[in-house]
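# Structure assessment
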Amino acid sequence: MPMVEVAGKSFEVDEEGYLTNLADWTREIGEYLAKDEKVELTDSHWEVINFLREYYEEYQIAPAVRVLTKAVAKKLGPDKGNNKYLYELFPYGPAKQACKIAGLPKPTGCI
Amino acid sequence: MLHIVNKSATERNSLESCLRMATKGSAVLLIEDAVYAATQGSEAAAKIQSAMADLQIYALGPDMEARGMAGRVLDGVKLVDYGGFVDLVTEHSTCQSWL
Amino acid sequence: MSDMMDDMEGGEGVVKKFMFVNRKAPHGTVYALEGLEVVLISAAFDQDVSMVFTDDGVYELIKGMNTKGIEVKDFSKTYRALEGYDIEKLYVEKASMDARGLSEDDLIVDVTVLDSAEMASLMAEQDVVISF
């Protein structure tokens, strides 16, 4: 398994760059993974990332993008829970890219 | 003899065969899906209860907890952790796994 | 694997009645978890999905699991995510619960409890039945 090094410690990722152990995740690792994805993290990004981590904690899965959008709309309002807003933050797919930065596995139900 | 059963009694007949063959004074350890048999209201509960006259029945605690059944364990069934599992194996000269 | 398929909501195509039948206890074998993942994936295709829990499958829905001791994922929490995936038809057979000393209050999600005859006719009206 490939490893990444952040702040002097190394962490295991899978062949697509997703963190292997959810518990390893720190904000610094999030920042490292974002840089790798060429995403510059703003408070709006963190809001979605934190939302995803809470979703995972509650349901033990990373949501499919359709489900994520709906859940974000419910929690943060319809101005954020829509494809346009989320794709602007995470151009390569809010579920896949944001999940990766949040240290979650690849979304379930994402074909 | 220590008998170890890991299959659900409502799916396979491993527990039934085990209880038929286990001789007086033997120990039976239920692990994995077999732990459901030692819970209140299960179909196998009566078999476990009558077997307790001749046999010592144990169940693996972490498997009970993982299945949300820790609060329903039958009276007289002793819960053991992984250390207790190892102790049972070393206390008995022979082990039989009913796969 | 792209997010694209997820966006194909409201697309053309025939909606079939799919039933996923769960008959195995969780953790002891991988069937329960695999079955759940298949259901979550099937949600992307906007079909008419029902999930059925009979026999040891009712154990999948027990409240209060703590899997730390056996070091596996507690996927019982994931059944609560099904609603967000628009999978809301969950059925449990009463006889299977009775045989295990369980009642509706012991379950982690809201379900419809059916007697065996009702379950049988529900199964009979499906287009596709997939069993785990």
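Not measured: the values here are computed from a predicted model.

A few words on unusual backbone geometry. Notably, Gln60 of chain A is not glycine yet its phi reads approximately 65°, a positive angle. Its place among the elements puts Gln60 of chain A in the loop between helix H2 (43-59) and helix H3 (65-76). Relative accessible area serves as the criterion here: at 13%, Gln60 of chain A is assigned to the buried category. Despite not being glycine, Glu71 of chain C shows a phi value in the positive range, around 55°. For Glu71 of chain C, a relative accessible area of 73% corresponds to the exposed category.

Bringing the pairing of strand S3 (residues 89-93) of chain C into the picture now. Residues and elements named next belong to chain C. For S3, a buried count of four out of five residues is recorded, marking the element as mostly surrounded by other parts of the structure. In terms of strand pairing, strand S2 (residues 48-53) meets S3 through four bridges, oriented parallel. Residue Met51 lies in a different strand from S3, and its bridge partner there is Leu90.

Empty space among the atoms can be located by rolling a probe the size of a water molecule over them. What the largest pocket holds in volume is close to 580 Å³. In terms of lining residues, the largest pocket is bounded by 22 residues, among which Tyr59 and Lys74 of chain A together with Arg80, Glu83 and Gly84 of chain C are the most central. Elements represented by at least two residues in the lining of the largest pocket include exactly H2 and H3 of chain A. In terms of residue class, the lining of the largest pocket is made up of 12 nonpolar, one polar and nine charged.

It is worth spelling out the sheet that holds strand S3 (residues 56-60) of chain B at this point. Sheet strands pair by backbone hydrogen bonding; their relative direction is either parallel or antiparallel. All names here are of chain B. Taken in spatial order, the five strands of this open sheet run S4-S3-S2-S1-S5, and their pairing is parallel. Two strands lie at the open edges of the sheet, namely strand S4 (78-80) and strand S5 (95-98), each paired on one side alone. On average, each strand axis in the sheet is inclined to that of its neighbour by 25°, with strand direction left out of account. Relative to S4, S3 runs parallel, the two being bridged by three bridges. Following the sheet pairing, Leu60 is matched in S4 by Val80. Packing against the sheet, helix H4 (residues 82-91) makes contact with strand S1 (2-5), strand S2 (27-30), S3, S4 and S5, and its axis sits at approximately 105° to S4.

Another point: the packing of aromatic side chains. Considering all chains together, one arrives at six aromatic pairs over all chains under this definition. Judged by centre distance (3.5 Å) and plane angle (10°), the rings of Tyr36 of chain B and Tyr59 of chain C are stacked. Residue Tyr36 of chain B is located in the loop between S2 and helix H2 (45-51), and its partner Tyr59 of chain C is located in the loop between S2 and S3; the two belong to separate chains. By relative accessible area, which is 1% here, Tyr59 of chain C ends up buried. Ring plane angle 20° and centroid distance 6.5 Å describe the contact between Phe18 of chain C and Phe20 of chain C, whose orientation is recorded as stacked. Grouped by ring-pair contacts, the aromatic residues Phe53, Phe75 and Tyr79 of chain C constitute a single cluster. The side chain of Lys24 of chain C reaches across the aromatic face of Tyr31 of chain C, ending 4.6 Å from its centre.

Rules behind the numbers
- Residues numbered from 1 in each chain as written.
- Chains lettered and ligands numbered in written order.
- Predicted model: local features only at pLDDT ≥ 70, side-chain atom pairs only at ≥ 80, totals over all residues.
- Heavy atoms only, no water.
- Helix = DSSP H or I, 4+ residues; strand = E, 2+ residues; numbered from the N terminus.
- Buried < 20%, exposed > 50% of the residue type's maximum accessible area, 1.4 Å probe, protein only.
- Pairing = 2+ DSSP bridges.
- 1 Å grid on protein atoms, 1.4 Å probe; cavity = no way out; pocket = protein on both sides within 12 Å on 5 of 7 lines; lining within 4 Å.
- Points joined across faces, edges and corners; volume = space filled by probe spheres on them.
- Nonpolar A, V, L, I, M, F, W, Y, C, P; charged D, E, K, R; others polar.
- Axes fitted to C-alpha atoms, helices over the stretch in contact; angles between N-to-C directions.
- Contact = heavy atoms within 4.5 Å.
- Phe/Tyr/Trp six-rings, centres within 6.5 Å; stacked < 30°, edge-to-face > 60°.
- Lys NZ or Arg CZ within 6 Å of the ring centre and 35° of its normal.

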